[in-house]
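Chain and residue survey
The chain contents come next:
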Amino acid sequence: MSPQSQNSIDRREVAEYERDDDEPLEMAIARAFDRVGIDVMERDTPFHEIVNVDALRNLHHESQATPIRTTFVLYDHPMTITTDRVCIYEPSDDD
């Protein structure tokens, strides 16, 4: 695991959203950010222009037999996506 990924995981979690089995990934991301007070529909750049949601969806769909965790930064917040949840962490000044 890269040091940057580890730093994201060590940060304080500010929101967690449990995903439903049939819920689209982009809805889970939007609902997780809503818990932080960020309306992704009101952002200047929609997250689907920043993140390849189709690739994330395929990655997590194909990995149901083997758990996978994807960590990246979106709207200055490190976040982690797994098969069953989306976690958002506090932003950092150095990101």
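Not measured: the values here are computed from a predicted model.

Moving on: the overall build of the protein. Broken down by element type, the protein carries three helices and four strands. Written out in order from the N terminus, the α and β elements of the protein read α-β-α-α-β-β-β. Looking at the protein as a whole, 37% of its 95 residues are labelled buried. A sequence separation of at least 24 residues applies to 50% of the contacts in the protein between residues at least 6 apart. Of the roughly 6,100 Å² that the protein leaves accessible, carbon and sulfur atoms contribute 43%.

Before going further, it helps to spend a moment on the pattern of salt bridges. Tallied over the entire structure, the rule returns seven salt bridges. Here Arg 85 makes a salt bridge to Glu 18, at a shortest N to O gap of 3.1 Å. Of this pair, Arg 85 sits in strand β4 (residues 85–89) while Glu 18 sits in strand β1 (residues 13–18); the two residues are 67 residues apart in sequence, bridging distant segments of the chain. The partly exposed category is assigned to Arg 85, whose relative accessible area is 27%.

The subject of this paragraph is the sheet that holds strand β3 (residues 77–81). Taken together, four strands build an open sheet; the order of strands is β1-β4-β3-β2 and the sheet is antiparallel. Lying at the two open borders of the sheet, with one neighbouring strand each, are β1 and β2 (70–74). Strand after strand, the sheet turns through a mean of 20° between neighbouring axes, direction not considered. Judged from the five bridges that link them, β1 and β4 form a sheet pairing that is antiparallel. Across the sheet, residue Glu 18 finds its bridge partner in β4, namely Arg 85.

Turning next to the confidence of the model for the protein. Confidence in the prediction of the protein, expressed as mean pLDDT, is 83, and 83% of residues score 70 or more. When the criterion is pLDDT under 50, residues 1–8 qualifies, and its contacts beyond four places in sequence or with other chains add up to six contacts.

Scanning all chains against the criterion turns up one aromatic pair. Over the ring of Tyr 75 we find Arg 43; its NZ or CZ atom is 4.5 Å from the centre of that ring.

Reading the values: rules and limits
- Residues numbered from 1 in each chain as written.
- Predicted model: local features only at pLDDT ≥ 70, side-chain atom pairs only at ≥ 80, totals over all residues.
- Heavy atoms only, no water.
- Helix = DSSP H or I, 4+ residues; strand = E, 2+ residues; numbered from the N terminus.
- Buried < 20%, exposed > 50% of the residue type's maximum accessible area, 1.4 Å probe, protein only.
- Contact = heavy atoms within 4.5 Å.
- Areas by Shrake-Rupley, 256 points an atom, 1.4 Å probe, with all protein chains shown as cover.
- Salt bridge = Lys/Arg side-chain N within 4 Å of Asp/Glu carboxyl O.
- Pairing = 2+ DSSP bridges.
- Axes fitted to C-alpha atoms, helices over the stretch in contact; angles between N-to-C directions.
- pLDDT = per-residue confidence, 0-100.
- Phe/Tyr/Trp six-rings, centres within 6.5 Å; stacked < 30°, edge-to-face > 60°.
- Lys NZ or Arg CZ within 6 Å of the ring centre and 35° of its normal.

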